[in-house]
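# Summary of structural features
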There are 2 protein chains.
Amino acid sequence: MESFREMSKEELQAQEVEVNKKYQEFKDLHLSLNMARGKPAPDQIDHANGMLETMTDYHAKDGLDVRNYGVLDGLPEMKEIFSDLLDIPAKNIIVGGNASLNLMFDQMMRLVVFGTAGEKPWGQLEKVKFLCPAPGYDRHFSVTETLGFELITVDMTSEGPDMDQVEKLVAEDESIKGIWCVPKYSNPQGICYSDETVDRLASMKTAAKDFRIFWDNAYGVHLIFEDVKVKNILDACKEAGNDNRAYYFFSTSKITFPGAGVSIIASSDDNIAEIKKVMTAQTIGYDKINQLRHVQFFKNADGVRKHMQILADCLKPKFETVLNTLEKELKGSGLITWENPKGGYFVSVDVLPGCAKRVVELAKEAGVTLTGAGATYPYKNDPKDSNIRLAPSYPTVEELQQAMDLFCVCVKKAGIEKLLEQA
Amino acid sequence: MESFREMSKEELQAQEVEVNKKYQEFKDLHLSLNMARGKPAPDQIDHANGMLETMTDYHAKDGLDVRNYGVLDGLPEMKEIFSDLLDIPAKNIIVGGNASLNLMFDQMMRLVVFGTAGEKPWGQLEKVKFLCPAPGYDRHFSVTETLGFELITVDMTSEGPDMDQVEKLVAEDESIKGIWCVPKYSNPQGICYSDETVDRLASMKTAAKDFRIFWDNAYGVHLIFEDVKVKNILDACKEAGNDNRAYYFFSTSKITFPGAGVSIIASSDDNIAEIKKVMTAQTIGYDKINQLRHVQFFKNADGVRKHMQILADCLKPKFETVLNTLEKELKGSGLITWENPKGGYFVSVDVLPGCAKRVVELAKEAGVTLTGAGATYPYKNDPKDSNIRLAPSYPTVEELQQAMDLFCVCVKKAGIEKLLEQA
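Thresholds, definitions, all that
Residues numbered from 1 in each chain as written. Chains lettered and ligands numbered in written order. Predicted model: local features only at pLDDT ≥ 70, side-chain atom pairs only at ≥ 80, totals over all residues. Heavy atoms only, no water. Helix = DSSP H or I, 4+ residues; strand = E, 2+ residues; numbered from the N terminus. Rg over C-alpha atoms; globule rule 2.2 N^0.38 Å. Buried < 20%, exposed > 50% of the residue type's maximum accessible area, 1.4 Å probe, protein only. Contact = heavy atoms within 4.5 Å. Areas by Shrake-Rupley, 256 points an atom, 1.4 Å probe, with all protein chains shown as cover. Lys, Arg positive; Asp, Glu negative; His and termini not counted. Charge placed at Lys NZ, Arg CZ, Asp CG, Glu CD. Phe/Tyr/Trp six-rings, centres within 6.5 Å; stacked < 30°, edge-to-face > 60°. Lys NZ or Arg CZ within 6 Å of the ring centre and 35° of its normal. Least-squares fit on C-alpha atoms with pLDDT ≥ 70 in both. Axes fitted to C-alpha atoms, helices over the stretch in contact; angles between N-to-C directions. Parallel < 35°, antiparallel > 145°, perpendicular 65-115°, else oblique. Left-handed = near helix turned anticlockwise from the far one by under 90°. Nonpolar A, V, L, I, M, F, W, Y, C, P; charged D, E, K, R; others polar. Salt bridge = Lys/Arg side-chain N within 4 Å of Asp/Glu carboxyl O. Pairing = 2+ DSSP bridges. Buried area = accessible area lost by both parts, 1.4 Å probe. Polar contact = N/O pair within 3.5 Å; in protein donor to acceptor, adjacent residues only side chain to side chain. Domains from an automatic or database assignment.

The number of helices and strands found in chain A is 13 helices and 13 strands. Against the globule reference of 22 Å for 423 residues, chain A gives a C-alpha radius of gyration of 23 Å, in line with a compact fold. When its C-alpha atoms are laid out on the principal axes, chain A stretches across 75 × 55 × 30 Å. Here chain A holds 423 residues, and the buried ones make up 62% of them. Counted over contacts in chain A with a minimum sequence separation of 6, partners at least 24 positions apart contribute 77%. By element, 47% of the accessible surface of chain A is carried by carbon and sulfur atoms, the whole surface being about 16100 Å². A distance of 3 Å separates the average location of the 49 positive side-chain charges in chain A from that of its 63 negative side-chain charges.

Below you can see the structure in the form of structure tokens.
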């Protein structure tokens, strides 16, 4: 394909007529599709329905009746599965409720109110800053924004956050208290952190004594095309002598049921003890019936791994539809670049600067809802107005093909408009 | 029965020999019984097992698939049941996770970090004090103690907290920010607040503009002998023009499954809006599958009411065992007074001052675990060392009879020891 950026004004105008015609054809279809969130499709979720069948035994391995009070930090057999799956000692795991986001928020609140490791509670500081590798996950940024922290954007590279930037920032500024990380199949780019990135995060010198990594391994076992091994941050921190630096989060939201799964927070011995001290006042314990449901359904970590292969088979044709359509319609157009994720839930694209909002708006007008432009940046503000997150999991392949065909037309239309403006 | 307090030293010594013999007989039985917590018995919980049967429909009334993301504040049909049951408008209810204690803790954390109604966050104040009517619920006191608040004990009367004390304290001291209340079948005394108490709480002048009532209606529908109507604090606050004064909590922990039920926080329009603003950052939503399970099992508020009658029938013989044994063994002894609860989970007794710890210790040595003496007071410190909470729900009636027979012996033994000390 000829790059639109090499075209003359006249050529662009001719293309525009063509593209406008196609766009109108899509509008006439009155589509109503949603690619906004990383929401699994019903037929994918069906694969976990076995968990909603009649429970015939309510007892944990140690004889405990899970229908009654007790057990703050999770059933031992539930911890065991996470321990095996993620290679974290069971004693360093606390099993939480239905969502890891809630555990992240709660952990942030504990740091604000109680502080950690004997340092001043963050709520008593003049200023708290938090590093936000972007594009990233909007709900992460929203937690720290809600708490009044200043969000500092850090660029993403193909190996994770730009560690030169990160190291410089944290070494100089002691008000920088932490960083958000999605280390595997990152949201939205599908990037997997390199071992070097993990080691640098674990070992870097930080001006703040209580600098903390919020390690949201949301897609830790969510392969689609290829399983990638990402180094365990807890191990790396221990090796570097910064045992207490990282909080590790994971959940079964995108394994079993979004919003009705089981979540964990894992960390060093000291951190776990500190967390439990406050958690004891917060709750008698999380939902153990749901934990036992998960244990009975999966049996062990291999059960989870096998399940993830089934889900990969559900998602693969959808991701192929997105990637093949981009390839076919826009490769060489000069209007867009994109990542090829090996797993996770998203495809991240960058359109011409100043075009992302317009593309999302055009798609919306023609009946396809995309993630809001800017959502992947702190304060929902993408300085280049360039990044768009595509979430292919919810629609069917047929719907997705329509949505992607429209999306490519919108990218062309917005791109041509921009180039003509600048011509 | 002749009062032990009227006996001569010689009579007491004779009684002591007798009691010691009986106590030894109990020790020889090697009992192992637990009356420490308000934990329902397995056969009581069995009545909710229907909820753990195969779900055949995963859709809410509006067609929403509850297995997927969405809905921050609860399924409309779940809110409807609570609304009808507790006489609170559905729009003023947020349905939470598996435990109302967690909602209370979270609400306290929000007040500490964000404040309310434009007032300074409590975490930024030099001092925060909280009123704790006692005897009361240890986990309430523990929440506020963990947050570093100063706990101020307020006496309980047969109509609720001593309102003369409360009104005087809150009028004078603006660092007093709130009060814990269990308004119906209170923990541990089973006291139901009078309308006058509710109205005085709602209308009293408080030095703190952001004084808040934590209204834990934990036993709101948990009758045993008689259903008592307690005035709705949210209505009372509205009538008094203090719309935002109360947070109302409730859960199905002791209706369906302890630790795997559904909880709510209810409050004024302003407060609910304020809560949702932060909650949006905390979670995408609570477990809707569990909410739908509850809806499908109960169908409506009447379904809950009928269920509570079944549970009352489970609990009645247990409470009768406790009360009849106290009556038979200790009435007129001068060693103990107790409340006759009409519902709830506990029987509260007061033994001779300085004897509660000794009674609990004696029972423990003979194999019966009671709630720790002092647990019902702030800082676990009962200034008179007199109150003991009996929790009859978990043991069988047969076990309970044994435990109560032993308990009465322990009360006599400790009482005689104390009287001899003073003789």
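This part covers the packing of aromatic side chains. All chains considered together, the criterion is met by 26 aromatic pairs over all chains. Between F82(A) and F250(A), the ring centres sit 5.9 Å apart and the planes meet at 75°, which makes this aromatic pair edge-to-face. Of this pair, F82(A) sits in helix α3 (residues 76–86) while F250(A) is found in strand β8 (residues 246–251), placing the two residues 168 residues apart along the sequence. Taken together, a centroid distance of 5.4 Å and an interplanar angle of 65° make the contact between F214(B) and Y247(B) edge-to-face. With F214(B) in strand β7 (residues 212–216) and Y247(B) in strand β8 (residues 246–251), the pair connects residues that are 33 residues apart, well separated along the chain. The residues F214(B) and Y247(B) share a single accessibility class, namely buried. Joined through ring pairs, the aromatic side chains of W122(A), F130(A), F149(A), W180(A), F214(A), Y247(A) and F249(A) make up one cluster. The aromatic ring of Y345(A) is capped on one face by K254(A), whose charged end is 5.2 Å from the ring centroid.

Mapping chain B onto chain A is achieved by rotating through 180° and translating by 0.0 Å along the same axis, at an RMSD of 0.0 Å. Considering both components of the superposition, the chain copies are consistent with a two-fold axis. When each C-alpha of chain B is compared by its distance to the rotation axis, T54(B) comes out closest, at 2.2 Å.

Before going further, it helps to examine the packing of helix α11 (residues 301–330) of chain B against helix α13 (residues 397–422) of chain B. Residues and elements named next belong to chain B. Orientation of α11 relative to α13, taken along the N-to-C sense of each, is 30°, at an axis distance of 9 Å. Accordingly, the angle class assigned to the pair α11 and α13 is roughly parallel. Taken as a pair, α11 and α13 cross one another with a handedness that is right-handed. On α13, the residues that touch P317, K318, T321, V322, T325, L326, E329 and L330 of α11 are V397, L400, Q401, M404, D405, F407, C408, V411 and K412. For the contact of α11 with α13, the class distribution of residues is ten nonpolar, three polar and four charged.

The next subject is the pattern of salt bridges. Inspection of every chain in the model, using the stated rule, returns 52 salt bridges over all chains. Where D164(B) meets R200(B), a salt bridge forms, and the shortest distance between an N and an O atom there is 2.7 Å. Of this pair, D164(B) sits in helix α6 (residues 163–172) while R200(B) is found in helix α7 (residues 195–203), placing the two residues 36 residues apart along the sequence. We classify D164(B) as exposed; its relative accessible area is 53%. The class for R200(B) is partly exposed, based on a relative accessible area of 21%. A salt bridge links E196(B) to R200(B), with the shortest nitrogen-to-oxygen separation between them at 3.2 Å. One end of the pair is E196(B) and the other is R200(B), both in helix α7 and four residues apart, which spans about a single turn. Within the structure, one salt-bridge network assembled from shared partners comprises D164(A), E167(A), E196(A) and R200(A).

Let us look at the sheet that holds strand β13 (residues 387–390) of chain B. All names here are of chain B. Pairing is antiparallel across the open sheet formed by three strands, whose spatial order is β10-β11-β13. The open sheet terminates on both sides in strands that have one partner only, identified here as β10 (336–338) and β13. Strand-to-strand twist in this sheet, taken as the mean axis angle between neighbours without regard to direction, amounts to 25°. Bridging between strand β11 (residues 347–351) and β13 involves four bridges; their strand directions are antiparallel. Bridge assignment links D350 to a residue of β13, and that residue is N387. Across the sheet, helix α12 (residues 356–365) is in contact with β11 and β13; its angle to β13 comes to roughly 40°.

Right, let's talk about the interface of chain B and chain A for a bit. Reports of interface size often rely on the accessible area that becomes lost once the parts have come together. The partner chain A presents 53 residues to the 53 residues of chain B that form the contact. When residues of chain B are sorted by the area they lose upon contact with chain A, L52(B), R67(B) and Y69(B) head the list and together hold 17% of the total. Where chain B touches chain A, the interface holds two salt bridges. Residue R67(B) pairs with D46(A) through a salt bridge whose shortest N-O separation is 2.8 Å. For the interface between chain B and chain A, the tally reads 19 residue pairs in polar contact (both at pLDDT 80 or more). Sort the elements by how many residues they give to the side of chain B that touches chain A and helix α4 (residues 100–113) of chain B lands first, with eight residues. In terms of residue class, the side of chain B that touches chain A is built from 26 nonpolar, 15 polar and twelve charged.

All names here are of chain A. When cut into domains, chain A gives domain 1 (4–44 + 305–422) and domain 2 (68–299). Each of domain 1 and domain 2 was reduced to a C-alpha centroid, and the two centroids are 30 Å apart. Tallying the contact residues gives 31 residues for domain 1 and 34 residues for domain 2. Between domain 1 and domain 2, the buried area comes to about 2900 Å², and carbon and sulfur atoms account for 63% of it. Three residues, M308, K342 and Y379, lead the burial of domain 1 against domain 2; their summed loss comes to 23% of the area buried on that side. Taken together, the connections running from domain 1 to domain 2 amount to two salt bridges. For the pair domain 1 and domain 2, the number of links is ten residue pairs in polar contact (both at pLDDT 80 or more). Elements with a minimum of two residues in the side of domain 1 that touches domain 2: α11 (301–330), β11 (347–351) and β13 (387–390). Ranked by the residues each element gives to the side of domain 1 that touches domain 2, the list is headed by α11, at eleven residues.

Note that H222(B) resides in the loop between β7 and α8 (233–239). Apart from the residues within four sequence positions on either side, H222(B) is in contact with Y185(B), F250(B), K254(B), I255(B), M308(B), G343(B), G344(B) and Y345(B).

Attention now goes to α3(A). Residue and element names in this part refer to chain A. Taken across its eleven residues, α3 has eight buried, putting it largely inside the fold. Residues of α3 that are buried include every one of E77, M78, K79, I81, F82, S83, L85 and L86, and no others. Packing partners of the buried residues in α3 comprise β2 (93–95), β8, β9 (263–266), α10 (288–298) and α11. Looking at the residues trailing α3, positive phi occurs at D87, about 60°.

Residues and elements named next belong to chain A. Ordered in space as β2-β9-β8-β7-β6-β3-β4-β5, the eight strands form an open sheet in which the pairing is mixed. The open sheet is flanked by β2 and β5 (160–161), the only strands paired with a single partner. Taken together, the four bridges between strand β6 (residues 176–181) and strand β7 (residues 212–216) define a ladder with parallel strand orientation. Its bridge partner being in β7, C181 is matched across the sheet by W215.

Glancing now at the pairing of β8(B). Note on strand geometry: in a regular strand, side chains alternate between the two faces of the sheet. Residues and elements named next belong to chain B. The buried fraction of β8 amounts to six of the six residues, a majority that puts the element mostly inside the structure. Side chains A246, Y248 and F250 of β8 all project onto a buried face; the interleaved residues Y247, F249 and S251 project onto the opposite face, where all are buried too. Pairing of β7 with β8 involves four bridges; the strand directions are parallel. In the sheet register, D216 faces β8, and the bridge partner there is F249. Across four bridges, the pairing between β8 and strand β9 (residues 263–266) is antiparallel. Within β9, the position partnered with S251 by the bridge is S263.

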